[in-house]
Protein chains: 2
Amino acid sequence: MDIKEWRHVFKLDPDKELNDSQIEAICESGTDAIMIGGTQGVSYDNTIDLMARVRRFPLPCVLEVSNIDSVVPGFDLYLVPMVVNAGSADWIVGKHVEGLMDYGALVKWHEVAVEGYIILNPKAEAAKLTEAKTNLTIEEAKAYARFVDQMVKLPILYVEYSGTYGDPALLRAVRSVVKQARLFYGGGIKEVSQAAEIAEIADTVIVGNVIYENLQTALETVNSVKNTVK
Amino acid sequence: MDIKEWRHVFKLDPDKELNDSQIEAICESGTDAIMIGGTQGVSYDNTIDLMARVRRFPLPCVLEVSNIDSVVPGFDLYLVPMVVNAGSADWIVGKHVEGLMDYGALVKWHEVAVEGYIILNPKAEAAKLTEAKTNLTIEEAKAYARFVDQMVKLPILYVEYSGTYGDPALLRAVRSVVKQARLFYGGGIKEVSQAAEIAEIADTVIVGNVIYENLQTALETVNSVKNTVK
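In this convention, every chain numbers its residues from 1, walking through the sequence in written order. Following the order in which they are written, the chains are lettered starting with A and the ligands numbered starting with 1. Whole-chain, interface and lining totals are the exception, using all residues; otherwise, since this is a predicted model, local features are given only for residues with pLDDT of at least 70 and side-chain atom pairs are given and counted only at 80 or more. Where side-chain values are given, they derive from all heavy atoms of the structure, hydrogens and water being excluded.

Asks: Can you help me understand the relation of the copies chain B and chain A in this one?
Replies: Turning one copy of the chain about an axis and sliding it along that axis gives the other copy, so a rotation and a shift relate them. For these two chains of identical sequence, chain B goes onto chain A by a turn of 180° and a shift of 0.0 Å along the axis, with RMSD 0.0 Å. On the angle and the small slide along the axis, the relation comes out as a two-fold axis. Closest approach to the rotation axis among the C-alpha atoms of chain B is made by Ala89 of chain B, whose C-alpha sits 2.3 Å away. Pairs of residues are marked as contacts when any of their non-hydrogen atoms sit within 4.5 Å. The fraction of interface residues of chain B whose copies in chain A are also interface residues reaches 100%, indicating that both copies meet through the same surface. Alignment of the copies relies on least squares applied to C-alpha atoms, considering only residues that score at least 70 for pLDDT in both.

Asks: Before we go on, may I ask you to explain the nonpolar core in this structure?
Replies: Taken as a class, soluble globular proteins show a tendency for nonpolar side chains to be buried jointly. Here, nonpolar core refers to any group of buried Ala, Val, Leu, Ile, Met, Phe, Trp, Tyr and Cys residues whose side-chain atoms link them within 4.5 Å. Residue exposure (1.4 Å probe, protein chains only): buried if accessible area is under 20% of the type maximum, exposed if over 50%, otherwise partly exposed. Grouped together as the largest cluster of nonpolar side chains are 180 residues, with contacts concentrated most on Phe147 of chain A together with Phe147 of chain B. Setting aside chain neighbours within four positions, we find Phe147 of chain B in contact with Met82, Ile92, Val93, His96, Val97 and Leu100 of chain A together with Val84, Val152 and Lys153 of chain B.

Asks: Teacher, can you tell me more about the packing of aromatic side chains here?
Replies: Centre-to-centre distance and the angle between the planes together describe a pair of aromatic rings. Residues and elements named next belong to chain A. Any pair of Phe, Tyr and Trp rings, taking the six-membered ring for Trp, is counted once the centres come within 6.5 Å. Such a pair is stacked with planes under 30 degrees apart, edge-to-face with planes over 60 apart, and tilted for the rest. Evaluation of the coordinates by the stated rule reveals 12 aromatic pairs over all chains. A ring pair is formed by Phe75 and Tyr78, whose centres lie 5.8 Å apart and whose planes are at 75°; its orientation type is edge-to-face. The buried category is assigned to Phe75, whose relative accessible area is 4%. An aromatic cluster is present here, built from Trp6, Tyr117, Tyr158 and Phe184 joined pairwise through their rings.

Asks: Which parts of the structure should I look at to understand the sheet that holds strand 3 (residues 61-64) of chain B?
Replies: The strands making up a sheet are joined through hydrogen bonds of the backbone, oriented either antiparallel or parallel. Residue and element names in this part refer to chain B. Strand order around the closed barrel formed by eight strands is 1-2-3-4-5-6-7-8, with parallel pairing between neighbours. Neighbour-to-neighbour, the strand axes of the sheet open up by a mean angle of 30°, direction not taken into account. As paired strands, strand 6 (residues 156-160) and strand 7 (residues 182-186) are joined by five bridges and run parallel to one another. By the bridge assignment for strand 7, Tyr158 is matched with Phe184. Two strands qualify as a pair provided DSSP detects at least 2 bridges between them. Here a helix means four or more residues in a row that DSSP labels H or I, a strand means two or more in a row labelled E, and each is numbered from the N terminus. Note on geometry: axes are C-alpha line fits, over the in-contact stretch for helices, and angles between N-to-C directions span 0 to 180 degrees.

Asks: I'm lost on the interface of chain B and chain A in this one. Help?
Replies: How large an interface is tends to be reported as the accessible area lost when its parts come together. Opposite the 29 residues of chain B that make contact, chain A presents 29 residues. Of the roughly 2500 Å² buried between chain B and chain A, counting both surfaces, carbon and sulfur atoms make up 79%. The working definition used for a salt bridge is a side-chain nitrogen of Lys or Arg within 4 Å of a carboxyl oxygen of Asp or Glu. In this assembly, chain B and chain A are joined by zero salt bridges. We define a polar contact as two N or O atoms separated by no more than 3.5 Å, with the added condition that, inside protein, one atom must be a possible hydrogen donor and the other a possible acceptor, whereas residues neighbouring each other in sequence contribute only through side-chain atom pairs. Inspection of the region where chain B meets chain A yields four residue pairs in polar contact (both at pLDDT 80 or more). Mapped by element, the contributors of at least two residues to the side of chain B that touches chain A are strand 4 (77-83), helix 3 (94-103), strand 5 (112-119) and helix 5 (138-151) of chain B. Here the element with the most residues in the side of chain B that touches chain A is helix 5 of chain B; it accounts for eight residues. Of the residues that constitute the side of chain B that touches chain A, the class distribution is 20 nonpolar, five polar and four charged. Each of two parts loses accessible area, computed with a 1.4 Å probe, when they are put together; buried area is these two losses added. Following the grouping adopted for this structure description, the nonpolar residues are Ala, Val, Leu, Ile, Met, Phe, Trp, Tyr, Cys and Pro, the charged ones are Asp, Glu, Lys and Arg, and the polar ones are all others, Gly among them.

Rendered as structure tokens:
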């Protein structure tokens with residue numbers, strides 16, 4: 001499994017409901033991977049339940065770690081967010097070190113990839129939780145991108161507008177400075193045309209909330225992204 | 001120039017005085033590199049002056065960046081500290097992003113290496129400045145080391161006791177979990193026997209303050225380190 005091949009990913013929230021036929025449609029949609037993660041209400045039990053239901057299908061299933069208590073074994077990959085524009089050190093280093101105190105000796109590091117996160121919607125739960133500095137100018141966003149991509153050399157730069165559709169101009173500016181990281185975009189994609197617009201800029205388009213609001217549209221984003229040349 | 005070959009490094013402070021014969025003795029001591037850096041009183045002028053004086057000798061001369069205003073061109077390598085146990089996000093990400101706002105497009109990234117810093121002497125200026133959480137248990141220190149070495153995969157882990165001699169037991173515990181980073185130790189080496197003790201544990205021994213207190217002893221640490229098998 002190589003994240004560099006992912007163009008489209010569905011992000012499923014363990015705290016939200018999907019029936020079996022919906023999960024089947026999502027997993028057989030042609031998407032490149034299923035990412036499981038959320039900000040609120042994520043527990044060991046609802047994470048393992050959702051993983052087990054996705055695991056019936058032969059596509060990569062990865063966990064985005066939101067808290068140490070919901071880290072379930074058996075995923076193909078564990079994505080660890082490092083919120084570079086967080087207001088406190090906790091979400092950059094602190095929580096990670098707490099987790100490593102308990103589990104550091106047990107981690108299979110080849111199954112872990114750190115995501116340099118830039119959170120940009122001030123109303124998102126993740127922004128409130130991390131006290132993220134969301135009102136970035138384009139120049140500031142580029143500087144954060146360089147920090148992730150060139151200074152710390154993380155494998156993933158995740159531009160996150162969770163809950164609202166982002167600014168393509170900002171994303172394009174970020175794109176222009178990224179040299180090696182995989183550029184993920186997530187947030188507010190509710191229409192097929194938006195998925196295509198983002199797919200022209202980002203390497204990987206993450207589609208989340210619309211799954212729970214309009215599954216048919218969500219499914220259509222797969223071909224839209226895959227047919228778009230970056 | 002490969003930092004993986006450095007066993008012994010002298011760290012010179014631009015804010016402190018050395019005459020030409022002292023600089024000659026330091027540069028011809030057999031040390032592997034000269035690192036220029038400090039916490040207070042570091043300016044563009046005193047940095048470029050010291051660099052020019054060291055540059056007369058054919059050994060690597062690198063800058064440890066302490067503030068963006070004293071970044072002088074012409075060093076072989078720029079070491080950028082990321083203080084992972086800092087109390088605020090400023091010394092982990094913030095200052096770096098400020099610098100990247102101004103100079104991000106100009107940086108030659110192959111000349112930059114990020115140091116994951118753990119600052120452990122609460123009385124050191126760097127500890128006060130960064131509000132570092134210095135009272136780490138051995139288990140906490142190991143978790144920070146894993147964060148640097150395995151999670152973020154930085155090329156250097158720098159255990160810094162600036163001004164006081166460190167705890168070899170803590171350093172040994174950190175050593176035991178480091179897989180890929182170069183382990184630097186700096187702080188409080190005032191005797192040849194201390195240099196040897198650290199050289200048994202760390203990859204690279206940084207000798208600083210004793211240069212200004214007892215140059216002869218400082219010079220003797222070179223062979224002490226080089227003759228020690230890790």
